[in-house]
Amino acid sequence: MGDNQKTAQALLERQGQTYTEEAGIRLADRPGPLYQLLVLATLLSTRIRAGVAVAAARELFAAGYRTPSAMEAASWQDRVDALGRGHYRRYDERTATILGTGARLCLDRWHGDLRRLHREAQGQPAQLRRLLTSFPGIGPTGADIYLREVQAVWPDLRPYADRRTLSGAERLGLPKTPQRLASLVDEAEFGRFASALVRVALGEESAGAVAREAHR
């Protein structure tokens, strides 16, 4: 095993949990989990710590807002309160509005099923990004988050590596192209690997600690 593969395996052993899993989403190619990931990507898009966004997502889901119908049916104040319980207070009021508007769009345009969005885009990343950014609160960063995480269940996207993934790879001295990064891990593990690289880019994981682990 080469040094880069050892580094990749060490990172996966240390940071094997995706943000989706951390938020309690059992990701699958089904309407509910795909919508929940959209909520998480919306929360992660603001300038707030990832851990706070994940906690806020868990609170929204615990309150029962796991589908666009449930999210829209909740009152604005209920959404604000759930976000507050996750300590997502700086952007809670604006985000509560965005989540309600986005849920309505998901129902109107996609009938609550983001598999329809996937089919319309024919699995093309550029088209998927364009369609995802039609949701309020989802800009280029949010679209990248969604695609990076959803590639676990939309294999036609793999390998998808956004700017933050590649930044994490650079910090670890790993290749900086999606194809070369993908060669370091099993295909089914690439989404998990990409998420772990983001944790390095954001400083949630130490590049030095990963390197020491890899060379023990």
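All values reported here derive from a predicted model rather than from experimental measurement. (Residues numbered from 1 in each chain as written. Predicted model: local features only at pLDDT ≥ 70, side-chain atom pairs only at ≥ 80, totals over all residues. Heavy atoms only, no water.)

## With respect to helix H9 (residues 125–132)
Listed as buried for H9 are Leu128, Leu131 and Leu132. Mapping the buried residues of H9 onto a view down its axis gives an arc of 95 degrees, with all of them on the same face. In this structure, the buried residues of H9 make contact with helix H3 (31–44), helix H7 (92–110), helix H8 (115–121) and helix H10 (140–150). (Buried < 20%, exposed > 50% of the residue type's maximum accessible area, 1.4 Å probe, protein only. Helix = DSSP H or I, 4+ residues; strand = E, 2+ residues; numbered from the N terminus. Arc of directions from axis to C-beta. Contact = heavy atoms within 4.5 Å.)

## Section: the packing of aromatic side chains
Tallied over the full model, the rule gives two aromatic pairs. Aromatic side chains Tyr146 and Trp154 sit 6.1 Å apart centroid to centroid with 55 degrees between the ring planes, which places their arrangement in the tilted category. Overall, Tyr146 belongs to the buried group, its relative accessible area being 1%. Relative to Phe193, the ring of Phe190 has its centre 6.2 Å away and its plane inclined at 75 degrees; by these criteria the two rings are edge-to-face. Highlighted residues: Phe190 and Phe193, both in helix H13 (residues 190–201), separated by three residues, approximately one helical turn. (Phe/Tyr/Trp six-rings, centres within 6.5 Å; stacked < 30°, edge-to-face > 60°.)

## Here's the deal with helix H6 (residues 76–85)
For H6, the set of buried residues is Arg79, Val80, Ala82, Leu83 and Gly84. Check the buried side of H6 and you find it contacts H3, helix H4 (50–62), helix H5 (68–73) and H7. Of the residues flanking the end of H6, it is His87, one or two places downstream, whose phi is positive at about 65 degrees.

## Here we look at the nonpolar core
Counting 50 residues, the largest nonpolar core has Leu40, Leu43, Leu60, Leu114 and Tyr146 as its most contacted members. Counting residues per element, this core draws most heavily on H3, at nine residues. Those residues in contact with Tyr146 that lie beyond four places of it in its chain are Leu34, Leu37, Leu38, Ala41, Leu114, Leu132 and Trp154. Among the nonpolar cores identified, the runner-up in size contains 19 residues, and Leu172, Val185, Val210 and Ala214 belong to it. (Core = buried A, V, L, I, M, F, W, Y, C linked by side-chain atoms within 4.5 Å.)

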